[in-house]
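Chains, contacts and geometry: an overview
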Number of protein chains: 2
Amino acid sequence: MAPNDKRDDSRPPLRVRRVSLDTGRENVVVISRHSSALRPEIFRGFSRVELRRGSKVVLATLLITDDDGLVGSDEIGLSEPAFRRFAEPIGSLVTVSPAAAPESLDAVRGKIQGRAFEPAEIDAIIRDLTHYRYSDMEVAAFLISSASFMTSRELLALVRAMSVAGTQLKWPSPLVVDKHCIGGIPGNRTSMIVVPIVAAHGLTIPKTSSRAITSPAGTADTMEVLARVDVSVDEMKEVVAACRGCLVWGGHVNLSPADDILISVERQLCIDTGEQMVASIMSKKLAAGSTRLLIDLPVGPTAKLANATEAMRLRKLFEFVGDQFGIAVEVITTDGRQPIGNGIGPVLEAADVMAVLANETDAPADLREKSLRLAAHLLEYDPQLRGGAGYARARELLDGGAALKKMQEIIDAQGPSTCRNDVGRLSFDVQAADDGAISEIDCLQLNRLARTAGAPIDKGAGIRLFRKIGDRVEKGQPLYRIHAYDQSELDLAVAAATRNSGYVVGARQGLAVETAP
Amino acid sequence: MAPNDKRDDSRPPLRVRRVSLDTGRENVVVISRHSSALRPEIFRGFSRVELRRGSKVVLATLLITDDDGLVGSDEIGLSEPAFRRFAEPIGSLVTVSPAAAPESLDAVRGKIQGRAFEPAEIDAIIRDLTHYRYSDMEVAAFLISSASFMTSRELLALVRAMSVAGTQLKWPSPLVVDKHCIGGIPGNRTSMIVVPIVAAHGLTIPKTSSRAITSPAGTADTMEVLARVDVSVDEMKEVVAACRGCLVWGGHVNLSPADDILISVERQLCIDTGEQMVASIMSKKLAAGSTRLLIDLPVGPTAKLANATEAMRLRKLFEFVGDQFGIAVEVITTDGRQPIGNGIGPVLEAADVMAVLANETDAPADLREKSLRLAAHLLEYDPQLRGGAGYARARELLDGGAALKKMQEIIDAQGPSTCRNDVGRLSFDVQAADDGAISEIDCLQLNRLARTAGAPIDKGAGIRLFRKIGDRVEKGQPLYRIHAYDQSELDLAVAAATRNSGYVVGARQGLAVETAP
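The paragraphs below set out a description of the structure included in this document. These figures come from a predicted structure and were not determined experimentally.

The next point concerns the overall build of chain A. If you tally the helices and strands in chain A, you get 19 helices and 18 strands. In terms of C-alpha radius of gyration, chain A reaches 26 Å, essentially the compact-globule figure of 24 Å for 517 residues. C-alpha extents for chain A along the principal axes are approximately 80 × 55 × 50 Å. The buried share of chain A, reckoned over its 517 residues, is 59%. Put simply, of all contacts in chain A between residues at least 6 apart along the chain, 80% involve residues at least 24 apart. A total of about 19,900 Å² of accessible surface is found on chain A, and carbon and sulfur atoms cover 50% of it. Across chain A, the centroid of the 61 positively charged side chains sits 2 Å from that of the 66 negatively charged ones.

To continue, consider the sheet that holds strand 4 (residues 56-65) of chain A. All names here are of chain A. What the 6 strands build is a closed barrel, ordered 1-5-2-4-3-6; its pairing is mixed. Recorded for the sheet is a direction-independent mean angle of 45° between the axes of neighbouring strands. Relative to strand 6 (residues 93-98), strand 3 (residues 48-53) runs antiparallel, the two being bridged by 4 bridges. Note that in strand 6 the partner of Val-49 across the bridge is Pro-98.

Inspection of every chain in the model, using the stated rule, returns 4 aromatic pairs over all chains. A ring pair is formed by Phe-117 of chain B and Phe-142 of chain B, whose centres lie 5.7 Å apart and whose planes are at 45°; its orientation type is tilted. Placement of Phe-117 of chain B in the loop between helix 3 (105-112) and helix 4 (119-130) and of Phe-142 of chain B in helix 5 (residues 136-148) is noted, with a sequence separation of 25 residues between them. Residue classification places Phe-117 of chain B among the buried positions, given a relative accessible area of 2%. For Phe-142 of chain B, a relative accessible area of 2% gives the class buried. A centroid spacing of 5.5 Å and a plane angle of 35° characterise the contact between Tyr-480 of chain B and Tyr-503 of chain B, whose relative ring orientation is tilted. Here Tyr-503 of chain B lies in strand 18 (residues 503-505) and Tyr-480 of chain B lies in strand 17 (residues 478-484), a separation of 23 residues in the sequence. Sitting above the plane of the Tyr-132 of chain A ring, Arg-85 of chain A keeps its charged end 3.4 Å from the centroid. For the cation-ring pair, Arg-420 of chain B lies above Tyr-485 of chain B, with the distance from its terminal atom to the ring centre recorded as 3.5 Å.

Residue and element names in this part refer to chain A. Most of helix 7 (residues 191-201) is tucked away, with 10 of its 11 residues classed as buried. Residues of helix 7 that are buried: Ser-191, Met-192, Ile-193, Val-194, Val-195, Pro-196, Ile-197, Val-198, Ala-199 and His-201. Gly-202 occupies a position one or two residues after helix 7 and carries a positive phi of about 120°.

What follows is about the sheet that holds strand 11 (residues 328-335) of chain B. All names here are of chain B. Across the sheet, 3 strands lie side by side as 7-10-11; this open sheet has parallel pairing. Each edge of the open sheet carries a strand with a single partner, namely strand 7 (177-181) and strand 11. Pairwise comparison of adjacent strand axes, ignoring direction, gives a mean angle of 20° for this sheet. By the bridge criterion, 5 bridges tie strand 7 to strand 10 (residues 292-299) in an arrangement that is parallel. Bridging from a neighbouring strand, Val-177 pairs with Arg-292 of strand 10. Packed on one face of the sheet, helix 12 (residues 308-325) meets strand 10 and strand 11 and runs near 165° to strand 10.

Residue and element names in this part refer to chain A. Among the 10 residues of helix 17 (residues 443-452), 8 are classified as buried, and the element is accordingly described as predominantly covered. Residues of helix 17 that are buried include every one of Cys-443, Gln-445, Leu-446, Asn-447, Leu-449, Ala-450, Arg-451 and Thr-452, and no others. Gly-454 lies just past helix 17 and shows a positive phi near 125°.

Looking now at the nonpolar core. Grouped together as the largest cluster of nonpolar side chains are 104 residues, with contacts concentrated most on Phe-318 of chain A together with Phe-318 of chain B. When residues no more than four places from it in sequence are discounted, the contact partners of Phe-318 of chain B are Val-278, Ile-281, Met-282, Ile-295, Leu-297, Val-329 and Val-331 of chain B. Among the nonpolar cores identified, the runner-up in size contains 61 residues, and Ala-303, Val-356, Leu-385 and Cys-443 of chain B belong to it.

Moving on to unusual backbone geometry. Put simply, Ala-455 of chain A and Pro-456 of chain A share a cis peptide bond, and its omega is 5°. Turning to its location among the elements, Pro-456 of chain A is positioned in the loop between helix 17 and strand 15 (462-465). The backbone of Asn-254 of chain B sits at a positive phi, close to 60°, despite the residue not being glycine. Along the polypeptide, Asn-254 of chain B turns up in the loop between strand 9 (245-249) and helix 10 (257-269). We classify Asn-254 of chain B as partly exposed; its relative accessible area is 37%.

Moving on: the environment of Leu-59 of chain B. All names here are of chain B. Tracing the backbone shows Leu-59 in strand 4 (residues 56-65). For Leu-59, a relative accessible area of 10% corresponds to the buried category. Those residues in contact with Leu-59 that sit more than four places away from it in its chain are Asn-27, Arg-48, Val-49, Glu-50, Ala-99, Ala-100, Pro-102, Tyr-132 and Arg-133.

Here the focus is the pairing of strand 14 (residues 436-441) of chain B. Residue and element names in this part refer to chain B. Bridge analysis of strand 14 against strand 16 (residues 472-473) gives 2 bridges, and the strand direction is antiparallel. Paired with Ala-437 across the strands is Arg-472, a residue of strand 16. Bridging between strand 14 and strand 18 involves 3 bridges; their strand directions are antiparallel. Across the sheet, the residue bridging to Glu-440 is Val-504, located in strand 18.

Criteria and cut-off values
Residues numbered from 1 in each chain as written. Chains lettered and ligands numbered in written order. Predicted model: local features only at pLDDT ≥ 70, side-chain atom pairs only at ≥ 80, totals over all residues. Heavy atoms only, no water. Helix = DSSP H or I, 4+ residues; strand = E, 2+ residues; numbered from the N terminus. Rg over C-alpha atoms; globule rule 2.2 N^0.38 Å. Buried < 20%, exposed > 50% of the residue type's maximum accessible area, 1.4 Å probe, protein only. Contact = heavy atoms within 4.5 Å. Areas by Shrake-Rupley, 256 points an atom, 1.4 Å probe, with all protein chains shown as cover. Lys, Arg positive; Asp, Glu negative; His and termini not counted. Charge placed at Lys NZ, Arg CZ, Asp CG, Glu CD. Pairing = 2+ DSSP bridges. Axes fitted to C-alpha atoms, helices over the stretch in contact; angles between N-to-C directions. Phe/Tyr/Trp six-rings, centres within 6.5 Å; stacked < 30°, edge-to-face > 60°. Lys NZ or Arg CZ within 6 Å of the ring centre and 35° of its normal. Core = buried A, V, L, I, M, F, W, Y, C linked by side-chain atoms within 4.5 Å.

Following this line, the structure appears as C-alpha cells:
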C-alpha cells in the first residue's frame, strides 16, 4: 500500500493536543483541514492513520475539522482513549502517516472467503486486537467472519490466544474452583452465596465478575453495594490469600482483554454465537487460573437458551474446550423460566443475598436452593469430602452461619462500599389484571423495566417481585413493585409496565385466545 | 430493547449545535457528559442514538465530551454529515434517545448464521443504508455476511434494490451504450477516446465515471484536466442532448447511492467479491439507463484478475445479471500485464488521450488500439452498421478527426476546466539497473509511486513511461520519469522507486536467483 511509503521524516511532525471526546474503545484523532504537516486530501480513502514517536506507534481513526479552536494546523487532537494509550505529554511532537491495515486482517479476508484460520493467524489477530490496532469495523469483520463457522481447531486456538493476552493469575493451590453463569436471568446472584460457602469450606475460589452490560445488575454491580469491587490484581491476591475467596470486578484485573473488545462489538451488532461465548468465558477462566469450573446454563422461553437441544450443544463445547486445556468443566442446566430471588437491581439483589446468608425466614427459597446446589457441585471437587456429601456440607456452612461470617470477612478485606445503598423511595405497584395462577414471567421484559427504572446506575432502582410462577393472584393484587430514585424514570418504567407487565396470569395468552371462541 | 421505551417527551430536548468534524459518511453526534436531558451513563452499551424533530428522524453514533466549549449541557453537537442530513437550523430543539438498530439488521444476523436473504429483506437493507440508518460497522456486517456466499436470487435482488435507490436516468433512444472497466491498470483511459468515437457515430453514450479511490487517476480526475466534470443530472442531460455523449463525474448524479456507501466500507476493509463488484457496476448502469454494455476485464499478474478462470467466473456473473435485467452485456478480457498508454496521473493521461485523438505520431499505440477495439464492439450495436464493420468505422472516425471534433464539443458543452493542467516541473528519471529486455511491469507498484508523487490531488504529478514489456534497455537508461509539484513528495516517490522500481529487466527475479548458484 502507498501509505507505507509515506512513513518518513520529511513532513514536519504535529504537536499532541488532548481533545475531550470519549470515543469508547476506539482510538480517534482529529487534524485540521489546514494541517501544516498533512494534506488531509491525501487521506481520502484512508480513514486510519499511524501516530509515531520514537518506537511508540498507535493506530487511530481520523476525523478532520475546520475549527481552529479544536485543533490548530500544527496540532493533532487525540481523543480520550487515544491520548491515554499513546501516553505522551501534551505538546509532544509526533509524526503521522496514513496507516495500512494490520497484516493479520489478511487472514480475516481469507476467512470471509471460506478458509479456516491457522492458529498462528489467530494469535496475530488477538495480538493486534489487544494492542488496539483494529478499528471497530475491523473487529466486526473478524467476529462476523468467524460467526458463520468455526472449527474445533480454530476455537481452541482462539481460547488459547485470548487467555494469554492479558493478566494470567497463578494460585498456590492446584485446586482453584470457579463458577460461571451465562446470564440472562434477573436476580440469580448465586455467586455471592456460593463463594462464601465454598471459601468457608476452605477451597480457593477467586471470583471475578462483570458489570451489567444489557441487564439491570451484574454480580460486580450488586457486590459493590456491600463492598469495594474495583480492586487491582495485587489487592485481589491479598484478599484471596486472606479469605480463600473474593467477589471483585474483573475490569481492573485485565483478564483476557481481547474478550472485552470483542464483547463491545458483539453487543453493538447483537451477534452472539456459542463458539464466541465459549471462547469468551473459557479464555477468562484460563487466565484466572481456575482448574475446576462449574457452568450454569439457565434454560427457558425468555432465557438465552430456549431449550435442551441448544443447551446440550453449548455444554459439549464447554466440555471439549475444558478437556483440551485441562480444566475440569462441569455444565449444569437450570430452570431459567423466571427470575431467581425476589429483587432485581443491585440494592434489591444484595438484600436477597444477605437474607439468604443470614438465614432470614423470608429469604427467597429459590435463590437459597439454587446456591446450595451449585455450591454442592463445587464442594465435591474437594478430595477430602465423601462423594455425595457436597450438598449437606454446603447446607451446614450456610445454616451454621459460616458462610455469612466468610462473606463479612470478604467484605472487610475488599473494603467498604462507597455507593448509595438505599432502596429507591419512589415506587409503584404493578397489579394483576385478572384472577388466576401465574403461568409465565418474561425475564427480558423485567430486565428492561428494571433498567428503565434506573438500574444498574441507580443502585436502589429496580423491581421487587411478590409473585412467582404457580402463585395464585386475584385481580388488583400486586405482582411486583417498581423502585426508583428519579420520578421521570419511574414514570417511564410504569408506562412500559402498563403496556407489558411481563406476567401472564392464567393460561398462556395464545391459548386463551384459542379457547375463546 | 429498553431504548425504545425511552422515546418519550419527559426529558427536555437539546439544542442543535454544529460541530466542525468531518466524520466521512457516518452520522456522528456529541453530547456533554453533564447533559441536562440525557444521562450519558445510560448510553453505556448504546453507541447509537436517534435524533427526532417532528417527523424527522436521524440515527447517529454518539460521542461524549467533558469540554463545555465544544457542547454545552443543553446542546447536542452534530458533526458535518449529521448536520447536513438532519438539515435543521442551529438552535433547533431535538429530542434524543438511545436508538435500536434498524430492523433490517435482523436479516443480516440471519445471513451471518447461513440463511439466504429474501428479496424484501434486501430491499429493506438497501433502503436503510441509503437513508444513512446503518453505522459503518453495520454496513460492514452486511457486506461480510454476503461475502461468504450470495445466491443468484440474492444477487438479482441486490442489483434491483440498489438500482432504484437513487436517480434513474431515462433517455429518448432505446439504444444507450456504455462501457466499463473494472480498473486496476495504470493509464488505460480508453473511455475518453471511446466516448467521442461512439458519439461521433451517432450512438447515445452518457458516460459517468468515478474519481480515483486507490489509484492515481480515475476517468473523472483525468477528464477534469480538460473540462468541468462535476455536473448535475440536468446539465448532464443537456450535454447528452447536444453531443450524444458526455464524460462526467458520477458524484453529483446520485446513481445507486447505496453503492457509494458499500464501496466506502469495502475499501476500508479491502474486501471485494465478484458478486459485490457485479452488483455495484450493474446497479449503476441500470440506474444510468444503459441498454448495451461492454465490460473490460484486464487480466494480468498484478491486475485485479490474475487469470482466465477468474475472468470467466466474473464474465458469467455479468452476463447472467445483464440477461435478467434486459441489458445486452458483452464482456471482453484484455491484456492487463502492464499500463496502457505512457502517462500515469491526470495531466499525463489527458495528454495521452489528446495525442491519440489528434492522431499525433508519438501517441501511445496501445491506448489507440485498445480504444479502437472497444469502440468497435460498441459500434456493432448499431443495427445500421454491417456486421464486422465496427473496427473500420471506429478507425475512420478517429483517423478522420471526427472523434477529436466530438471531444471538443463535449468539452465545450461541459464547460472549461478550472484545475491546474501543467505537468509537474520537478522530476526524476528512474534508470534500468541492468541490461536486458523488460519482462514484467508491476501495475500496483506504479500506481503507488504515482500516488506518492501526488496524483490524483496534484493533477500534474505522476509517471511518464519510456519503456514497456519487451523493450530492450541498457543499464543506466531511463525506464520512466516521476513528476511532482512538491519536492518532498517527489523525494518520497524516488525513495520508494529506488527500493522497488516496479520493473523487471531480463528474466523474472525469482528465476534469476534460482540460477545464481
